[in-house]
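# Per-entry structural report
One-letter residues, chain by chain:
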Amino acid sequence: MWAQLHKLKPRSASDEDLARCHGTRLVDHIYEMCEREERFLDADTVICSESYEVARMAAGAAVVAVDAVMAGDVTNAFALVRPPGHHAMPDRAMGFCLFNNAAIAARYAQAHYGLQRVLIIDWDVHHGNGTQDIFYRDPSVYYFSTHQYPYYPGTGSKGETGDGKGEGFTLNIPLSEGTSARSHREAFNRALNLIEEKLPPDLVIISAGFDSRRGDPLGGLLLEDSDFAEMTKEAMDLADKYAAGRIVSVLEGGYNLQTLGETVRTHIATLAGLSPKTAKQSADGE
Ligand SMILES: [Zn+2]
């Protein structure tokens, strides 16, 4: 499949890109911690001397993906990056996340292309507290998350729906551990229908965490690769309807290294319109 994809070169996110979502204090803090070769930003968030530059590249990759879909070079793009981003708050790195890649991409799309209605779909097993926080009072970016609850980082209850002008533009679907893939998918699909009425998007960004797959060591949800393929298709249908198909998908979590590669491959194959089915997947299904 690799040979059939159009590969884009990431760039380092600019100060301006970062500043749309993060205070300079956080940016400087991460820079200094990496310079000093510190090992932890918090109890979960391990760094090394190169993490600052790698995190800037991850955010920049999401920005490059926005440019590619907005230019029409491609219909959709996947940013295959780490570290993930959705826990990163304006002034705090946490939960493996340094800079909020998906949020930076959304703000960039608005600043450079004047988009009014960006939808972020977050299907990581964890709630994207950072992304929610950044757009909580903002009706121009709709944040939608399905996640295990109660669970890290503790946010993401049903009652968190936005504030001020942003009221009604945050949608949380908390799911208890062990929720069946079928109920999970139905809740996801119902939510997309609601969102379509509230904010038909001119760009869809996916915070594509695959720790919501069955067997992830950090998660207790039960999605299979075929479920991610279906959810990807549903997001594509929505994007086709309102956003000329434009989707920027950004890797978030996913910690089962035996399965992550195949799940990501299935997601990309679906985005690319290639058959997501493989012999391995059929075998798993039986
Ligand atoms: Zn996660």
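You'll find the structure just up there.
The rules we used
Residues numbered from 1 in each chain as written. Predicted model: local features only at pLDDT ≥ 70, side-chain atom pairs only at ≥ 80, totals over all residues. Heavy atoms only, no water. Helix = DSSP H or I, 4+ residues; strand = E, 2+ residues; numbered from the N terminus. Expected span 1.5 Å × (residues − 1). Donors = N, O, S within 2.8 Å, 3.2 Å for Na, K, Ca; no water. Tetrahedral: all angles 85-135°; square planar, octahedral: opposite > 155°, others 65-115°. Buried < 20%, exposed > 50% of the residue type's maximum accessible area, 1.4 Å probe, protein only. Salt bridge = Lys/Arg side-chain N within 4 Å of Asp/Glu carboxyl O. Pairing = 2+ DSSP bridges. Contact = heavy atoms within 4.5 Å. 1 Å grid on protein atoms, 1.4 Å probe; cavity = no way out; pocket = protein on both sides within 12 Å on 5 of 7 lines; lining within 4 Å. Points joined across faces, edges and corners; volume = space filled by probe spheres on them. Nonpolar A, V, L, I, M, F, W, Y, C, P; charged D, E, K, R; others polar.

## Observations regarding helix α7 (residues 225-242)
Over its 18 residues, α7 runs 26 Å from end to end, which matches the ideal 26 Å to within 8%, given 1.5 Å per residue. The positive-phi residue at the C-terminal boundary of α7 is A244, with phi of around 50°.

## What about the coordination of the zinc ion?
In the first shell of the zinc ion, the protein supplies D124 (OD), D124 (OD), H126 (ND1) and D211 (OD), at 2.0 to 2.8 Å from the metal. The coordination sphere of the zinc ion comprises four donor atoms, whose angles at the metal cover 52 to 151°; the geometry is irregular. Coordination of the zinc ion draws on donor residues from a single chain, spaced D-x1-H-x84-D in sequence. Here D124 is found in the loop between β2 (118-122) and α5 (129-135), whereas its partner D211 is found in the loop between β5 (203-208) and α7, with 87 residues between them in sequence. The residues D124 and D211 share a single accessibility class, namely buried.

## Examining the pattern of salt bridges
According to the stated counting rule, one finds 15 salt bridges in the structure shown. The partner of R56 in a salt bridge is D15, with the nearest N and O atoms 2.7 Å apart. Pair noted here: R56 is in helix α3 (residues 51-71) and D15 is in helix α1 (residues 15-19), with a separation of 41 residues, a long-range link. Residue class for D15 comes out exposed when judged on its relative accessible area of 57%. One salt bridge connects R185 with E234, and the closest N-O pair in it is separated by 3.8 Å. Taken together, the residues span a long stretch of sequence, with R185 in helix α6 (residues 181-198) and E234 in helix α7 at a distance of 49 residues. A relative accessible area of 16% places E234 in the buried class. Several salt bridges share partner residues, and in doing so they unite R11, E16, D17 and R20 into one network.

## Quick look at the pairing of strand β1 (residues 76-79)
Going residue by residue along β1, you find N76 and F78 tucked away on one face and A77 and A79 tucked away on the opposite face as well. Here four bridges tie β1 to strand β6 (residues 247-251), and the two strands are oriented parallel to one another. For A77, the partnering residue across the bridge sits in β6 and is V248.

## What to know about the environment of T161
Position of T161 relative to the elements: it lies in the loop between β3 (141-148) and β4 (170-175). Separated by 17 residues in sequence, T161 and F144 place their C-alpha atoms 9.6 Å apart. Among residues more than four places away in sequence, those in contact with T161 are Y136, G166, E167, G168, F169 and T170.

## Let's talk about the layout of surface pockets
Taken as a whole, the largest pocket spans an internal volume of roughly 590 Å³. Considering the residues around the largest pocket, the lining is formed by 23 residues, among which H6, K7, L8, A77 and F78 are closest to the centre. For the lining of the largest pocket, the elements supplying multiple residues, two or more each, are α3, β1 and α8 (260-271). Looking at the lining of the largest pocket residue by residue, the class counts come to 17 nonpolar, four polar and two charged. Together, D44, T45, V46, I47, S51, V54, A55, R82, P83, P84, F96 and L98 line the second largest pocket. Considering only residue class, the lining of the second largest pocket consists of eight nonpolar, two polar and two charged.

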